[in-house]
Amino acid sequence: MRLHDKARPVKLILMDVDGTLTDGALFVLPDGEEVKGYNVRDGMGILMARRAGLEVGVITGKASRGFDHRAARLRLAEIHQSVADKGKVLAGILERRKLAAAEVAYIGDDLNDLDVLRAVGLSGAVADAHPLVRRCCDYVCRLPGGRGAVREFIELIIRSQGKWDAVMADLSTLLDLRGRSAAPAPRRKRP
Ligand SMILES: [Mg+2]
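Residues numbered from 1 in each chain as written. Predicted model: local features only at pLDDT ≥ 70, side-chain atom pairs only at ≥ 80, totals over all residues.

**Q** How do you make sense of the overall build of the protein when you look at a structure like this?
**A** Looking only at helices and strands, the protein features eight helices and eight strands. With the C-alpha coordinates of the protein rotated into their principal frame, the extents come out at 75 × 50 × 35 Å. Across the 191 residues in the protein, those meeting the buried criterion constitute 33%. Here the analysis covers contacts within the protein between residues at least 6 apart in sequence; of these, 54% occur between residues at least 24 apart. (Helix = DSSP H or I, 4+ residues; strand = E, 2+ residues; numbered from the N terminus. Buried ≥ 20, exposed ≤ 12 C-beta atoms within 10 Å, placed from the backbone. Contact = placed C-beta atoms within 7 Å.)

**Q** Looking at this model, I keep getting lost on the nonpolar core. Mind explaining?
**A** Inside soluble globular proteins, nonpolar side chains tend to come together where they are buried. Among the nonpolar cores identified, the biggest contains 40 residues, and I13, Y106, I154 and I157 are the most heavily contacted of them. Sorting the residues of this core by element identifies β1 (12–15), α2 (40–51), β4 (55–59), α3 (65–74), β6 (104–108), α5 (114–119), β7 (122–125) and α7 (149–160) as the ones contributing at least two each. Ranked by residues supplied to this core, first place goes to α7 with seven residues. Once residues within four sequence positions are removed from consideration, I13 is found in contact with A49, L54, V56, A105, I154 and I157. (Core = buried A, V, L, I, M, F, W, Y, C linked by C-beta atoms within 7 Å.)

**Q** Would you mind going over the sheet that holds β4 with me for this structure?
**A** Two orientations exist for strands paired in a sheet by backbone hydrogen bonds: parallel and antiparallel. One open sheet accounts for six strands, arranged β5-β4-β1-β6-β7-β8; its pairing is parallel. A single partner strand is all that each edge strand has here, and the edge strands are β5 (78–80) and β8 (139–140). Where α7 meets the sheet, it contacts β1, β6, β7 and β8, and its direction lies at approximately 155° from that of β6. (Pairing = 2+ DSSP bridges. Axes fitted to C-alpha atoms, helices over the stretch in contact; angles between N-to-C directions.)

**Q** Teacher, can you tell me more about the environment of R135 here?
**A** Within the fold, R135 resides in helix α6 (residues 131–136). Its 10 C-beta neighbours within 10 Å are what place R135 among the exposed residues. Put simply, R135 and A125 are 10 residues apart on the chain and 8.8 Å apart in space, counted from C-alpha to C-alpha.

Any link to function would need more than the numbers given here.
Here's what the structure looks like:
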């Protein structure tokens, strides 16, 4: 089946976090708290997916308080942290949302993503994913994890579904309105 045919039925886009939404780096503070960096372009991609009527979620093996804030800001529909068996979580999501596997896309970077990648309708790997992950995926991004791979994967789905123009029009209205409300009021000329 062609890539675009696999992307067309997708309703839910799931993703890994470390190495996919981030570049994999963890900065450990003296108190043990871990800090990660997220990419604003991926954040915009997730906003675009939501505007296209797609739901977005994460399944990650780790848990972090920082990610709770990021997830809330991105308004993720599914958030699963500290997951040992990602395949099991996916099965639960499909059951609860009454979705077919063909209606779900997943993007990841490492070996613990393989089960889910093999089960979903559309699978994606970040450019710097493990070779076995890259080999099993429908689409290998040109961009690496934490550097726009998620955005690239989402744009592929939006384009395949023929929603690109609508999302662009919607976004420009949204950004235009935001810009206008932030602009200072015009000064009145003195008589
Ligand atoms: Mg990972």
